[in-house]
Amino acid sequence: MTDAADLRRRTADLLAAHPPATTERLEFLRARFDAGLAWVHFPEGLGGLDAPRSLQAVVDAELEAAGAPGNDPGRIGIGLGMAAPTILRFGTDEQKQRLLRPLWTGEEVWCQLFSEPGAGSDLAALATRAVRQSSGDWIVDGQKVWTSSAHLARWAILIARTDPGLPKHRGISYFVCDMTDPGVEVRPLRQITGEAEFNEVFLTGVRIPDIQRLGEVGEGWKVAQTTLMNERVAIGGARIPREGGMIGVAAADWRARPGLRTHDLHQRLLKLWVEAEVARLTGERLRQQLTKGQPGPEGSGMKLAFARLAQEISGWEVEFLAEDGLTYDDWTMRRPDGVDFTGREAGYRYLRAKGNSIEGGTSEVLLNIVAERVLGLPPEPRTDKDVAWKDLPR
């Protein structure tokens, strides 16, 4: 069985064969994947070694100390955190072999075609249609919205309605969509920050081969649950050091500007610091639970805490910095590769954090998930549960 000593040996062999100082970045990342050191808990041949997930930290520490290049997880987070675990669980052997390696190395960026203008909080109400042809292929028509990184993506995870005669949760199928195919149109959505990291995506007569379906026909909601649970862990459960992330920026501001301090602001900062530390430790416990299986609904609680803290900390920072907190460096329309909550000014963080309670599941929906699936409270009445989707009012 692979242990920490074995992983250190394997990592040393990788570094000896591919010295980071003289090896091209992509070549090194491919070699790391092939050595099973990309995500050690994945199966052999798919970037892993069937090792405990907790041992990934051993590999990461050795590679960081050696100055090895990373795969820029901020840019490919949707692929790493959502697409990969879904492909691993539901994909065919051919799909895993074709998709996982370039996903992990960052050669192919992924996006998520889930939310729609009329199906955001109630995602299962989605109207994008996939109609099967006599050839076995599917023709997809519809519109998706709030799609991060669609302007960069080669692939998308897509859910579409394949049987409108069934209740909304049962007539959905899950596909992998090639974003370069004819009929895929990506339009920028400009946000309050001035940037357009989000997009809306129009699908018009897009042909998707049946070999790009994940899971059984009509079982897309079941597959999507794996994606959504992993998404919430990826957003709310990222590993950060003590006093890291946004609370670290706020604490640094406090220490650097004694002339702006007040008793009230001090008390609020202390409260936020404690809450951020509680959230960090809870996230660590959640990651330890992940080593024993698939993520559960507890990830929704982490994502809730992340959104609330990001908004409250950024609001505190703007208030503390007074007029300096209102400055913003650039309103130019840009299409960035990712989000940077700690490397920009306070004004950006305050504006961008407003989206945290919407993206990755609205806070209202996540509160329901925590209430029903974590606390075991009675579910809200759902009158549309057994009604065919085509008969629902829209």
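Residues numbered from 1 in each chain as written. Predicted model: local features only at pLDDT ≥ 70, side-chain atom pairs only at ≥ 80, totals over all residues. Heavy atoms only, no water.

Trainee: Kindly report on helix H7 (residues 245-256), identifying the contributing residues and their values.
Mentor: What sets the pattern is the α-helix's 3.6 residues per turn: residues three or four places apart point alike. Given a rise of 1.5 Å per residue, 12 residues ought to cover 16 Å, and the 17 Å separating the end C-alpha atoms of H7 matches this to within 8%. Those residues of H7 that fall on the buried side of the exposure criterion are Met-246, Ile-247, Gly-248, Val-249, Ala-250, Ala-251, Asp-253 and Trp-254. (Helix = DSSP H or I, 4+ residues; strand = E, 2+ residues; numbered from the N terminus. Expected span 1.5 Å × (residues − 1). Buried < 20%, exposed > 50% of the residue type's maximum accessible area, 1.4 Å probe, protein only.)

Trainee: Can you tell me about empty space enclosed by the protein, naming the residues and giving the values?
Mentor: The method is simple in principle: a probe with the dimensions of a water molecule rolls over the atoms, and the space it marks as empty is what remains. Summed over the entire model, instances satisfying the criterion amount to one cavity of 30 Å³ or more. Considering only enclosed or pocket space, the largest cavity measures out at about 30 Å³ in volume. Lining the largest cavity we find Ile-240, Pro-241, Arg-242, Glu-243, Gly-244, Ile-247, Trp-273, Ala-276, Glu-277 and Arg-280. In terms of residue count, the dominant contributor to the lining of the largest cavity is helix H8 (residues 263-290) (four residues). For the lining of the largest cavity, the residue count by class is five nonpolar, one polar and four charged. (1 Å grid on protein atoms, 1.4 Å probe; cavity = no way out; pocket = protein on both sides within 12 Å on 5 of 7 lines; lining within 4 Å. Points joined across faces, edges and corners; volume = space filled by probe spheres on them. Nonpolar A, V, L, I, M, F, W, Y, C, P; charged D, E, K, R; others polar.)

Trainee: Quick one: what's the story with helix H9 (residues 298-321), residue by residue and with numbers?
Mentor: The end-to-end C-alpha distance of H9 is 35 Å, a good match for the 34 Å that 24 residues give at a rise of 1.5 Å each. With 17 of 24 residues buried, H9 is to be regarded as a mostly interior element. Following H9 by one or two positions, Ala-322 has its phi on the positive side, about 55°.

Trainee: A description of the pairing of strand E4 (residues 155-161) should follow, citing residues and the corresponding values.
Mentor: The element E4 is extensively covered by neighbouring structure, given that seven of its seven residues are classed as buried. What you see with E4 is no split at all: Trp-155, Ile-157, Ile-159 and Arg-161 on one side and Ala-156, Leu-158 and Ala-160 on the other are buried throughout. Bridge count for strand E1 (residues 110-113) against E4 is four bridges, and the pairing is parallel. Residue Cys-111 lies in a different strand from E4, and its bridge partner there is Ala-156. As defined by bridge partners, E4 adjoins strand E5 (residues 172-178) across seven bridges and the pair is classed as antiparallel. Looking at E5, one finds that Trp-155 is bridged to Asp-178. (Pairing = 2+ DSSP bridges.)

Trainee: Describe unusual backbone geometry, and please don't skip the residues or the numbers.
Mentor: A positive phi is found at Asp-50, a non-glycine position, where the angle reads about 55°. In this fold, Asp-50 is placed in the loop between helix H2 (25-34) and helix H3 (56-65). Even without a glycine there, the phi angle at Trp-146 is positive, about 60°. Looking at the element boundaries, Trp-146 is found in the loop between strand E3 (138-144) and E4.

Trainee: Before we move on, can you summarise a nonpolar patch on the surface with the specific residues and values?
Mentor: Taken together, Val-374, Leu-375 and Leu-377 make up a surface patch of nonpolar side chains, about 270 Å² in accessible area. Its place among the elements puts Leu-375 in the segment after helix H11 (363-374). A residue is classified by how much of its surface remains accessible, and Leu-375, at 59% relative accessible area, is exposed. (Patch = residues over 30% accessible without salt bridge, like charges linked within 9 Å, V, L, I, M, F, W, Y side chains within 5 Å. Areas by Shrake-Rupley, 256 points an atom, 1.4 Å probe, with all protein chains shown as cover. Salt bridge = Lys/Arg side-chain N within 4 Å of Asp/Glu carboxyl O.)

Trainee: I'd love a proper account of the pairing of strand E7 (residues 198-208), names of residues and values included.
Mentor: Of all the 11 residues making up E7, eight are buried; the element is thus mostly covered by neighbouring parts of the structure. Sheet topology note: the E3/E7 ladder contains six bridges and is antiparallel. Its bridge partner lying in E7, Gly-142 is registered against Leu-203. As defined by bridge partners, strand E6 (residues 184-189) adjoins E7 across six bridges and the pair is classed as antiparallel. Bridged to Leu-189 within E7 is Phe-198.

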